[in-house]
Amino acid sequence: MDQESLQPVVAAAIINTTHHQRKLLAAQRSYPPELAGKYELPGGKVEAAEAPLAALEREIREELNCAIKIHRFLPCPNSPEGTWPILGGRRMYVWVAHPLSTPQVGNSHSKLQWVTLPQARALPWLGPNWPIVEAVFNNL
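For the structure given in this document, a descriptive report is provided here. (Residues numbered from 1 in each chain as written. Predicted model: local features only at pLDDT ≥ 70, side-chain atom pairs only at ≥ 80, totals over all residues. Heavy atoms only, no water.)

**Focus: the layout of surface pockets**
Inference 1: Each pocket or cavity is described by its volume, and for the largest pocket that value is around 590 Å³.
Inference 2: Lining the largest pocket are 26 residues, and of these V9, R29, E40, K45 and R90 lie nearest its centre.
Inference 3: Only β1 (9–18), β4 (43–45) and α2 (52–64) provide two or more residues apiece to the lining of the largest pocket.
Inference 4: Top contributing element to the lining of the largest pocket by residue count: α2, with four residues.
Inference 5: Counted by class, the lining of the largest pocket contains twelve nonpolar, five polar and nine charged residues. (1 Å grid on protein atoms, 1.4 Å probe; cavity = no way out; pocket = protein on both sides within 12 Å on 5 of 7 lines; lining within 4 Å. Points joined across faces, edges and corners; volume = space filled by probe spheres on them. Helix = DSSP H or I, 4+ residues; strand = E, 2+ residues; numbered from the N terminus. Nonpolar A, V, L, I, M, F, W, Y, C, P; charged D, E, K, R; others polar.)

Here is the structure:
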């Protein structure tokens, strides 16, 4: 494995509660071409000497121009360190969070939408993100 595939990734399962209904923020990728149009949880790579939570807050600020309040870590049940397997052999840390401001579409995504579980099932997710989405809704 090369150094980039070992670089940890972070993501936020951003939840919004309206009218007693919890919805998840689904972000549609705008690039690269082979992933464009697929949905994911927003986040990104942890930089050298950066703490994962600091990376998550930075990535959400950069990608969505919003701040979040971290609620809790969402561990992968089959991983001793709690990370989820994703594309390219990478591992991803996921936290459930709430928005402190309205997320905005940035350069990384072409669309953002708040979805319930039935609505999420109808979206074309990146394959490794779907088990995380199910775990988010199962643990609300």
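**A word on the pattern of salt bridges**
Inference 1: A complete count under the given rule lists six salt bridges for this structure.
Inference 2: Residues R91 and E81 are paired through a salt bridge, measuring 3.9 Å at the closest nitrogen-oxygen approach. With a gap of ten residues between them, R91 in strand β7 (residues 91–99) and E81 in the loop between β5 (68–73) and β6 (84–85) connect regions that are remote in the sequence.
Inference 3: Judged by relative accessible area, R91 falls into the partly exposed class, the value being 31%.
Inference 4: Judged by relative accessible area, E81 falls into the partly exposed class, the value being 45%.
Inference 5: If you follow the salt bridges from partner to partner, you end up with E47, E50, R58, E59 and E62 in one network. (Salt bridge = Lys/Arg side-chain N within 4 Å of Asp/Glu carboxyl O. Buried < 20%, exposed > 50% of the residue type's maximum accessible area, 1.4 Å probe, protein only.)

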